[in-house]
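# Remarks on the overall topology
Listed below, chain by chain, are the residues.
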Amino acid sequence: MDSNKQMAELLFKNITKTPEDYEKLYPERNLEEGAVVTRFAPSPTGFLHFGGLFAAFVEKTAARSTNGIFYLRIEDTDKKREVENGVSLIVKGFDDFGIEIDEGMLSETEEKGAYGPYTQSKRTEIYQAFVKSLVEKGLAYPCFMSEEELSEIREKQESEKLLPGVYGEFAKYRNITVEEAEKRIKNGDEYVVRLMSPGKEDGKIKFKDGIKGEIEMPENILDVVLLKKDGTPTYHFAHAVDDHLMRTTHVIRGDEWISSVPIHLQLFYLCGFKPPKYVHISPIMKEENGGKRKLSKRKDPEAAVSFYSEAGYPKGAVWEYLMTLANSNYEDWRIANPDADINEFKFTFSKMSKAGALFDIVKLADVSKNYISKLSAEEVYDMVTDWAEENNTRLYKLLCDDEEYAKTIFAIERGNAKPRKDIAKWSDVEDYVSYFYSELWDRKRDFADNLSNEDIIEIIEKYMDIYDENASADDWFPQVRDLAVTLGYAKAPKEYKKNPDDYKGHVGDVAGVIRVAVTGRRNTPDLYEILQTLGREEVMKRFNETIDELRR
Ligand code: GLU
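Cut-offs and rules
Residues numbered from 1 in each chain as written. Predicted model: local features only at pLDDT ≥ 70, side-chain atom pairs only at ≥ 80, totals over all residues. Heavy atoms only, no water. Helix = DSSP H or I, 4+ residues; strand = E, 2+ residues; numbered from the N terminus. Contact = heavy atoms within 4.5 Å. Pairing = 2+ DSSP bridges. Axes fitted to C-alpha atoms, helices over the stretch in contact; angles between N-to-C directions. Near = heavy atom within 4 Å. Polar contact = N/O pair within 3.5 Å; in protein donor to acceptor, adjacent residues only side chain to side chain. Areas by Shrake-Rupley, 256 points an atom, 1.4 Å probe, with all protein chains shown as cover. Buried < 20%, exposed > 50% of the residue type's maximum accessible area, 1.4 Å probe, protein only. Right-handed = clockwise from strand over helix to strand, strands pointing away. Phe/Tyr/Trp six-rings, centres within 6.5 Å; stacked < 30°, edge-to-face > 60°. 1 Å grid on protein atoms, 1.4 Å probe; cavity = no way out; pocket = protein on both sides within 12 Å on 5 of 7 lines; lining within 4 Å. Points joined across faces, edges and corners; volume = space filled by probe spheres on them. Nonpolar A, V, L, I, M, F, W, Y, C, P; charged D, E, K, R; others polar. Patch = residues over 30% accessible without salt bridge, like charges linked within 9 Å, V, L, I, M, F, W, Y side chains within 5 Å. Salt bridge = Lys/Arg side-chain N within 4 Å of Asp/Glu carboxyl O. Lys, Arg positive; Asp, Glu negative; His and termini not counted. Charge placed at Lys NZ, Arg CZ, Asp CG, Glu CD. Parallel < 35°, antiparallel > 145°, perpendicular 65-115°, else oblique. Left-handed = near helix turned anticlockwise from the far one by under 90°.

Glancing now at the environment of E59. Take E59: it is sitting in helix α3 (residues 50-64). Between the C-alpha atoms of E59 and G93, which are 34 residues apart in sequence, the distance is 15 Å. Ignoring any residue separated from it by four or fewer positions in sequence, one finds E59 in contact with T38, R39, F40, F70 and I252.

Attention now moves to the sheet that holds strand β3 (residues 103-105). Sheet architecture is open: 4 strands sit in the order β1-β2-β3-β4, paired in mixed fashion. Strand pairing shows two members of the sheet lacking a second neighbour, β1 (37-40) and β4 (111-112), which therefore form its edges. Taken together, the 4 bridges between β1 and strand β2 (residues 69-72) define a ladder with parallel strand orientation. Along β2, the bridge assignment pairs R39 with Y71. Contacting β1 and β2, α3 runs over the sheet at an angle of about 160° to β1. The sheet contacts of helix α4 (residues 86-96) involve β1, β2 and β3, and relative to β2 the element is tilted by about 145°.

All residues adjacent to the ligand are R39, A41, S43, E75, Y235, R253 and W257. Separating an oxygen atom of the ligand from a side-chain N or O atom of R39 is a distance of 2.7 Å. Taking A41, its main chain carries an N or O atom lying 2.8 Å from a nitrogen atom of the ligand. Within the complex, 81% of the 300 Å² of free accessible area of the ligand lies under protein.

Moving on: the pairing of β1. A regular strand places its side chains so that they alternate between the two faces of the sheet. Side chains V37 and R39 of β1 all project onto a buried face; the interleaved residues T38 and F40 project onto the opposite face, where all are buried too. Read from β1 through α3 to β2, the crossover connection turns out right-handed.

Aromatic rings in a pair are described by how distant their centres are and how their planes are angled relative to each other. In this structure the tally under the stated criterion is 31 aromatic pairs. When the centroid spacing of 4.9 Å and the interplanar angle of 80° are considered together, the rings of Y330 and F345 count as edge-to-face. Taken together, the residues span a long stretch of sequence, with Y330 in helix α12 (residues 330-336) and F345 in the loop between α12 and β14 (358-359) at a distance of 15 residues. Given a relative accessible area of 0%, Y330 falls into the buried group. The buried category is assigned to F345, whose relative accessible area is 4%. Each ring, one from W333 and one from F345, has its centre 5.4 Å from the other, and the planes form 65°; the classification is edge-to-face. Of this pair, W333 sits in helix α12 while F345 sits in the loop between α12 and β14, and the two are 12 residues apart along the sequence. The same class applies to W333 and to F345, which are both buried.

Looking now at empty space enclosed by the protein. Applying the stated rule across the entire model yields 2 cavities of 30 Å³ or more. The computed volume of the largest cavity comes to approximately 80 Å³. The wall of the largest cavity is formed by K369, I372, S373, F410, I412, E413, R414, R420, K421, D422, I423 and Y432. Taken together, the residues that form the lining of the largest cavity break down as 5 nonpolar, 1 polar and 6 charged. Approximately 30 Å³ is the volume found for the second largest cavity. For the second largest cavity, the full set of lining residues is F54, I281, S282, L325, M352, S353, G356 and A357. Classifying every residue of the lining of the second largest cavity gives 5 nonpolar, 3 polar and no charged.

The next point concerns a negative patch on the surface. On the surface, E378, E379, D382, D386, E389, E390, D402 and E404 cluster together into a negatively charged patch. A per-element tally of the negative patch places helix α14 (residues 377-391) first, with 6 residues. Among the structural elements, E389 can be located in helix α14.

Looking now at the packing of helix α1 (residues 3-11) against helix α5 (residues 124-136). Helix-helix packing is described using two parameters, namely the angle between the two axes and the distance between the axes. Between α1 and α5, the least distance of the axes is 7 Å, while the angle of their chain directions is 155°. When the axis of α1 is compared with that of α5, the two are roughly antiparallel. Taking contact as the criterion, the partners of N4, K5, M7, A8, E9 and L11 in α1 are, on α5, K132, V135 and E136. Considered class by class, the residues forming the contact of α1 with α5 number 4 nonpolar, 1 polar and 4 charged.

Between α1 and helix α7 (residues 178-186), the least distance of the axes is 10 Å, while the angle of their chain directions is 10°. In terms of axis orientation, α1 runs roughly parallel to α7. In this structure, the crossing between α1 and α7 has a hand that is left-handed. From α1, S3, Q6, M7, L10 and L11 reach across to α7, where they touch V178, A181, E182 and I185. The class makeup of the residues in the contact of α1 with α7 is 6 nonpolar, 2 polar and 1 charged.

Here you go:
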């Protein structure tokens, strides 16, 4: 047996499967031409944040739009950073925003798909089989350097301004013999397994990033760690093995990983794997004091995805917004195709921002208002009640107590060519519907100040005389106009403007009084529909109440 083989046996006695076995176990995927396989590969270190949601959205969209596969892999090799229920937090985030996976983790323990296990801590034997094979080929070796030795070389490299890490003269155990390794292992010495990097100091690598384009970087010369002291892999090695065996075609991830690409490409090459396409996403940015900075988990509440579900932005609206962040041409497409399904849009990596998409909450609100304006009253009702059940029990109860009434409210100025855009998120609904519910309405009436209390009372009293709840939408306004004229108001604003001294005001002032008496507000959706929804009894009650109040 040659010495490399002996070394491999020494280090991995219990590993009997070979890379070939795994190649057979996880064959090439049988997908149509052009189908891409992507993954979201988080460490279970806490809540899903907006940057993560954005990456997952891009990965999902890329797979979906090519009839490919999108899967969720949990990268839990760093046990120190892990939080309890870390997987559930990610799965819940996906659920909240409708990100469906084709394969991968469904909960802390369940998974689906034929390329698993999808949790790295369950794949130790697989990584070891591949490292064993690298040792056999003389491409990896055990390194027994102690923490002290490592910090010594770090200091030396720092003071001499050298590249930090284990390479060249610093790679003390590159040529360790099997005998010495055996002696040390028997002695209980701890070791890691390092790559024996074939990189040259002046070597260069080139690759084409899906977003950033052609990139040239120095080749990797470091003998990076493949397996840690406890036999678990480093991120670098697990990435190569997993993305190869899970047949990922596009590795889409944050651009903090660009600097590691030379290591990754070298690992793919040495393991005999076809490298994936790399697509590095720039971080989401935010404007602040005239400048830009990264959206921050610590500083920005909107960096937590719970912010969106708690505020009640519908999934579909968040998707719309994510797509506007993802592809700069999406907004124009949406304007040209207002009613098309978002999935008909042709998403491309090349239209993603190199500098980092700019997060803008006002824009999100606009996108969401637009989205909500196109929903049917039934859809709004269902989504609001779903949201309210968890986030606003008072509203939830009111909506459930009289479903028909609630749907009539949501139907006001909806389903027409120019629906109103009052609601940006479900937490706006309580205020939006408040005057329809005595439990919610504060009964404050914000009358315009150009009319006296006497004028207001006169309008209300006279309107009460002619108010006809059976009038059609077309007849209603002419009745108000006639009343306006009778009471000395111009029948149109234009007329009033021409001769303001001839009138007390115009028809808009008269309608305004009715509006404020009934809703408290100067600005509402269609007044006729509001009157119809409230019904005669309630409307008359509100008129009488107003008169009493003004006389007090
Ligand atoms: N586990 C890595 C992280 O949490 C994943 C990077 C990747 O997608 O490859 O950032």
